[in-house]
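Fold and contact review
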Amino acid sequence: MGDERSAVGQWERAVELMEVVAVERGDLYYLDTYVSALLLLGRIDEARPVVAELRSRGWESSSFIELCDKNGL
């Protein structure tokens, strides 16, 4: 219930910072943070391959599943 513009800006910044780290390291937690930011920003097409990677590796975080379901993934 705060400043939506500020929140969106923070998620966009998270995407920028996490993309390189998540892709290079491939760590599930980093990938989860990265894909969560993408999904919260509505960047579904960018999120699809990351979602597929997490699912193929058995990632079942409740927040991840919830965001995927909410976005039809």
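The structure this text deals with has already been given above.
None of the values given here were measured: they were computed from a predicted structure.

Things to note about the pattern of salt bridges
- Scanning all chains against the criterion turns up four salt bridges.
- For R13, the salt bridge goes to E16, with nearest N and O atoms at 3.4 Å. Of this pair, R13 and E16 both sit in helix α1 (residues 4-25), separated by three residues, roughly a single helical turn.
- Accessibility expressed as a relative area gives 42% for R13, which makes it partly exposed.
- Using a relative accessible area of 51% as the deciding quantity, one classes E16 as exposed.
- The shortest N-O distance in the salt bridge between R43 and E46 comes to 2.8 Å.

With respect to the packing of helix α3 (residues 44-56) against helix α4 (residues 62-70)
- Running from amino to carboxyl end, α3 crosses α4 at an angle of 135 degrees, the nearest separation of the two axes being 12 Å. Compared by their axis directions, α3 and α4 come out oblique. Both α3 and α4 take part in a crossing whose hand is left-handed. Residues V51, L54 and R55 of α3 touch α4, and the partners they reach there are F64, I65 and C68.
- Residue classes in the contact of α3 with α4 are distributed as five nonpolar, no polar and one charged.

Thresholds, definitions, all that
- Residues numbered from 1 in each chain as written.
- Predicted model: local features only at pLDDT ≥ 70, side-chain atom pairs only at ≥ 80, totals over all residues.
- Heavy atoms only, no water.
- Salt bridge = Lys/Arg side-chain N within 4 Å of Asp/Glu carboxyl O.
- Helix = DSSP H or I, 4+ residues; strand = E, 2+ residues; numbered from the N terminus.
- Buried < 20%, exposed > 50% of the residue type's maximum accessible area, 1.4 Å probe, protein only.
- Axes fitted to C-alpha atoms, helices over the stretch in contact; angles between N-to-C directions.
- Parallel < 35°, antiparallel > 145°, perpendicular 65-115°, else oblique.
- Left-handed = near helix turned anticlockwise from the far one by under 90°.
- Contact = heavy atoms within 4.5 Å.
- Nonpolar A, V, L, I, M, F, W, Y, C, P; charged D, E, K, R; others polar.

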